[in-house]
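Per-entry structural report
The primary structure of each chain is shown beneath.
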Amino acid sequence: GVLSREERLLELRSPIYIFGDLHGNLDDLKFFADLIWPLGMQLTAGKFLFLGDYVDRGQYGIEVVAFLVAQKLLIPDKIFLIRGNHETRAVNGW
C-alpha cells in the first residue's frame, strides 16, 4: 500500500504545511481547507504533513481519518501522515 512504501524517516523539503492534533475536529480541518487549500490540495503549492492524533476527543475522528487517507491515496507525494500517540492501543484502548 501507499503508506507501507514510505520510509520510516521522512525527509521533506520546503514549502510544507504542518498540522498537528486534529483530534477528530472536522471544523478545524474545514477551516484549514478554506484558508490554506481553497482550490484543493492538488493545486496548492507545497506539501502537507499531518502529525498524528487524528482521533479521540472530537466527534468526527472517522471522518477526519477518512478524508486524510483519501487525500493520501489521491496525491501520495503531497500528503504525509505520521502516527501520533492517540493512534496507539495504549492511549485508545482498542
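Up top is the structure these notes are about.
Residues numbered from 1 in each chain as written. Predicted model: local features only at pLDDT ≥ 70, side-chain atom pairs only at ≥ 80, totals over all residues. Heavy atoms only, no water.

1. Some remarks on the packing of aromatic side chains
A complete count under the given rule lists seven aromatic pairs for this structure. Considering the side-chain rings of Y17 and F48, the 5.4 Å spacing of their centres and the 20 degrees angle between planes classify their relative orientation as stacked. Taken together, the residues span a long stretch of sequence, with Y17 in strand β1 (residues 16-19) and F48 in strand β2 (residues 47-50) at a distance of 31 residues. Judged by its relative accessible area of 31%, Y17 is partly exposed. With a centroid separation of 5.7 Å and 90 degrees between ring planes, the pair formed by F19 and W37 is classed as edge-to-face. Taken together, the residues F19 in strand β1 and W37 in the loop between α1 (26-35) and β2 connect sequence positions 18 residues apart. A network of ring pairs unites the aromatic residues Y17, F19, F31, F32, W37, F48 and F50 as a single cluster. Above the ring of F80, the side-chain terminus of K72 is found at 4.5 Å from the ring centroid. (Phe/Tyr/Trp six-rings, centres within 6.5 Å; stacked < 30°, edge-to-face > 60°. Helix = DSSP H or I, 4+ residues; strand = E, 2+ residues; numbered from the N terminus. Buried < 20%, exposed > 50% of the residue type's maximum accessible area, 1.4 Å probe, protein only. Lys NZ or Arg CZ within 6 Å of the ring centre and 35° of its normal.)

2. Brief notes about the environment of L73
With respect to the helices and strands, L73 occurs in helix α2 (residues 61-74). Given a relative accessible area of 55%, L73 falls into the exposed group. The sequence separation of L73 and G1 amounts to 72 residues, and the corresponding C-alpha distance is 9.2 Å.

3. Some remarks on the pairing of β2
Across four bridges, β1 lies against β2 in parallel orientation. Opposite F19, over in β2, you have F50 as the bridge partner. In terms of handedness, the path from β1 via α1 over to β2 forms a crossover that is right-handed. Across three bridges, the pairing between β2 and strand β3 (residues 79-81) is parallel. (Pairing = 2+ DSSP bridges. Right-handed = clockwise from strand over helix to strand, strands pointing away.)

4. Quick word on the sheet that holds β2
With respect to topology, three strands assemble into an open sheet ordered β1-β2-β3, the strand pairing being parallel. Looking along the sheet, the strands with just one partner apiece sit at the ends: β1 and β3. Strand-to-strand twist across the sheet, computed as the mean angle between neighbouring axes with direction ignored, equals 15 degrees. Across the sheet, α2 is in contact with β2 and β3; its angle to β3 comes to roughly 130 degrees. (Axes fitted to C-alpha atoms, helices over the stretch in contact; angles between N-to-C directions. Contact = heavy atoms within 4.5 Å.)

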